[in-house]
Amino acid sequence: MRAKGFVHRRPWAVLAAGAAIQLLTGVPSAWGAFQKGVCEGYRLREEDAALILSVVVCFFGIGCVLGGLLQDRAGPRAAGLAGAALLAGGFLAAGWWVPEGSPGLFYVCFSAPVGLGCAFLYPAVMSCAQKWYADKKGLATGVIGCAAGLSGAALTALARGFSAWGGVRASFWGAGLVMGGVCGTAALFLHDPDESARPAAPGARQYTAREMARTQQFWLLAASLFFAAPTVLLFSPVIVELAAQRGLAQGAALSCVWLGAVSAAAGRLSMPWLSDRIGRRAADMLLFAALAVLSAAFAFARGWWMLGVYCALTFCYAGQAAVLPSAVNDLFGQKNAGVNYGLVALGMSAGSLAFPLAARALGLQAGRHWVAVLAAAAGFCCVRRLRPTQGEKL
């Protein structure tokens, strides 16, 4: 209760707690730093290790629905604490229990709980912050999203620090202990404002999940997330190896993870702010158009140009993801934002699993770039067809 009183006197504590949590939940951004160690330490093939990330993102979408339901019924604090336990538990299980040569167990013991944990935490943080800053949703999303973007660099530093001390397993259990402590403590500060203190828009319709699912806007938003997936997720697990193949020295290749994380942070901070001014739809159309062009350029980029294009891709990919929570609130209201966001995020789950599995089955290499180009163009078309539901500009 002391934490609740502190938050009501100092609402900025919600942003600080959310930023602390998101700094440690960017597993997709940091997976390139883990993958080589996982292949060697757990004796997994490269494609099996890359699929670990796809399963994480898949369970993220599923967990957004479950976490959203928990958040809407029991509050963001309960969802945050559950998410912290799942996230830390997955890392600790990978470090202490998963045997070598067992990709299936890795998916079950690491990918599933980590994806669910991140999903419980993300909507809880974003929805709570937007309720406190209802008139500045883009700003609130941007501040927390910036931390989410820097998460790749933070987790990479944790992974490399613990790995140098005790190998890849130490990197997992060390990160798990830090995540459990930081995220669990920060979750205590996630409290919704009193109903009387919420500046709700007069006459705004608060869609239930069932009502939202009957709208065209829901399907278009989910489809846009589906088509955004291959622009980065087909390449982020192998970005270090890909950079080395394209002519970068080992140290420069490793910098792809760090600079990609910084670029993602910049995208998450700036694009929600821009969407407050030009509209969610216009900002997302701009980002999808850039993703299509950059995905084509990425097919030919080599050396330092490749690094620059990859950073631009992570900027745009993170930016469009960061605009989404505000778009969901604008379209469907704040009351059921947790579960509504979770249902939209199922598009991300489907894309994160479908595109890598298809590429693996078809043996696509260079063709992955053109899949990403076409998918980004399809995402642009989905966003272009979006129309407001509340009688205001989207």
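Calculation criteria
- Residues numbered from 1 in each chain as written.
- Predicted model: local features only at pLDDT ≥ 70, side-chain atom pairs only at ≥ 80, totals over all residues.
- Heavy atoms only, no water.
- Helix = DSSP H or I, 4+ residues; strand = E, 2+ residues; numbered from the N terminus.
- Expected span 1.5 Å × (residues − 1).
- Buried < 20%, exposed > 50% of the residue type's maximum accessible area, 1.4 Å probe, protein only.
- Axes fitted to C-alpha atoms, helices over the stretch in contact; angles between N-to-C directions.
- Parallel < 35°, antiparallel > 145°, perpendicular 65-115°, else oblique.
- Left-handed = near helix turned anticlockwise from the far one by under 90°.
- Contact = heavy atoms within 4.5 Å.
- Nonpolar A, V, L, I, M, F, W, Y, C, P; charged D, E, K, R; others polar.
- Salt bridge = Lys/Arg side-chain N within 4 Å of Asp/Glu carboxyl O.
- Phe/Tyr/Trp six-rings, centres within 6.5 Å; stacked < 30°, edge-to-face > 60°.
- Lys NZ or Arg CZ within 6 Å of the ring centre and 35° of its normal.
- pLDDT = per-residue confidence, 0-100.
- Core = buried A, V, L, I, M, F, W, Y, C linked by side-chain atoms within 4.5 Å.

## Examining helix 6 (residues 103-132)
Alright, step 1. End to end, helix 6 covers 42 Å across 30 residues, agreeing with the expected 44 Å (1.5 Å per residue, within 8%).
Alright, step 2. Counting buried residues along helix 6, 26 of its 30 residues qualify, which places the element largely inside the surrounding structure.

## Examining the packing of helix 9 (residues 216-228) against helix 15 (residues 337-362)
For any two helices packed against each other, one specifies the inter-axial angle together with the distance between the axes.
Alright, step 1. The geometry of helix 9 relative to helix 15 is characterised by a closest axis approach of 7 Å and an angle of 30 degrees between their N-to-C directions. Taken together, the axes of helix 9 and helix 15 lie roughly parallel to each other. As helix 9 packs across helix 15, the resulting crossing turns out to be right-handed. Residues Phe218, Leu221, Ala222, Leu225, Phe226 and Phe227 of helix 9 form the contact with helix 15, whose own contacting residues are Leu343, Val344, Ala345, Gly347, Met348, Ala350, Gly351, Ala354 and Phe355.
Alright, step 2. Class assignment of the residues belonging to the contact of helix 9 with helix 15 gives a composition of 13 nonpolar, 2 polar and no charged.

## Observations regarding unusual backbone geometry
Alright, step 1. Positioned with a positive phi, arginine 43 is a non-glycine residue whose angle comes to about 55 degrees.
Alright, step 2. Within the secondary structure layout, arginine 43 lies in the loop between helix 3 (27-42) and helix 4 (46-74).
Alright, step 3. Take arginine 43: its relative accessible area is 65%, and that puts it in the exposed class.

## Let's talk about the pattern of salt bridges
Alright, step 1. Going through the model one piece at a time under the given rule, you end up with 6 salt bridges.
Alright, step 2. Residue lysine 131 pairs with aspartate 192 through a salt bridge whose shortest N-O separation is 3.4 Å. Of the two residues, lysine 131 is situated in helix 6 and aspartate 192 in the loop between helix 7 (137-187) and helix 8 (209-213); the sequence distance between them amounts to 61 residues. With respect to burial, lysine 131 and aspartate 192 carry one shared label: buried.
Alright, step 3. Between arginine 280 and aspartate 330 there is a salt bridge; the shortest N-O distance is 2.7 Å. Of this pair, arginine 280 sits in helix 13 (residues 280-298) while aspartate 330 sits in helix 14 (residues 303-332); the two residues are 50 residues apart in sequence, bridging distant segments of the chain.
Alright, step 4. With relative accessibility at 24%, the residue aspartate 330 sits in the partly exposed group.
Alright, step 5. The network of salt bridges with shared partners includes Asp276, Arg280 and Asp330.

## Section: the packing of aromatic side chains
Alright, step 1. Taken as a whole, this structure holds 20 aromatic pairs when the rule is applied.
Alright, step 2. With 5.8 Å between their ring centres and 40 degrees between their planes, tyrosine 122 and tyrosine 341 make a pair best called tilted. Of this pair, tyrosine 122 sits in helix 6 while tyrosine 341 sits in helix 15; the two residues are 219 residues apart in sequence, bridging distant segments of the chain.
Alright, step 3. Ring pairs connect the aromatic residues Phe34, Tyr42, Phe91, Phe106, Phe110 and Phe172, which therefore count as one cluster.
Alright, step 4. Looking at arginine 205, its charged tip hangs above the ring of tyrosine 207, at a distance of 4.2 Å from the centre.

## Brief notes about the side chain of threonine 156
Alright, step 1. Within the secondary structure, threonine 156 sits in helix 7.
Alright, step 2. Overall, threonine 156 belongs to the buried group, its relative accessible area being 1%.
Alright, step 3. Contacts of threonine 156, omitting those with residues within four sequence positions, involve Ala30, Ala33, Val257 and Trp258.

## Observations regarding the side chain of serine 111
Alright, step 1. Among the secondary structure elements, serine 111 is positioned in helix 6.
Alright, step 2. Once residues lying within four places of it in the same chain are set aside, the contact partners of serine 111 are Ile52, Val55, Val56, Phe59 and Phe106.

## Focus on the packing of helix 14 against helix 15
Alright, step 1. Interaxial distance between helix 14 and helix 15 falls to 10 Å at its minimum, and their mutual angle equals 120 degrees. The two elements helix 14 and helix 15 cross, and the hand of that crossing is right-handed. Residues Leu324, Pro325, Val328, Asn329 and Phe332 of helix 14 lie in contact with helix 15, whose contacting residues are Ala337, Asn340, Tyr341 and Val344.
Alright, step 2. Within the contact of helix 14 with helix 15, the residues separate by chemical class into 7 nonpolar, 2 polar and no charged.

## Section: helix 16 (residues 367-384)
Alright, step 1. Compared with an ideal rise of 1.5 Å per residue, which puts 18 residues at 26 Å, helix 16 spans 26 Å between its outermost C-alpha atoms and is within 8% of the ideal.
Alright, step 2. Considered for burial, the residues of helix 16 that qualify are Arg368, His369, Ala372, Val373, Ala375, Ala376, Gly379, Cys382 and Val383.
Alright, step 3. Tucked into the core, helix 16 has its buried residues touching helix 9, helix 10 (230-233), helix 13 and helix 15.

## Quick word on the confidence of the model for the protein
Alright, step 1. The predicted model of the protein has a mean per-residue pLDDT of 84, with 91% of residues at 70 or higher.
Alright, step 2. For the stretch residues 196-200, pLDDT sits under 50, and the model shows 5 contacts to residues farther than four places along the chain or on other chains.

## A word on the nonpolar core
Grouped burial of nonpolar side chains is what soluble globular proteins tend to show.
Alright, step 1. Core analysis: the largest hydrophobic core is formed by 113 residues, its most contacted members being Val38, Phe91, Phe106, Phe110 and Phe172.
Alright, step 2. With near-sequence residues (within four places) excluded, valine 38 lies in contact with Trp31, Arg43, Leu44, Ala49, Ile52, Phe106, Val168 and Phe172.

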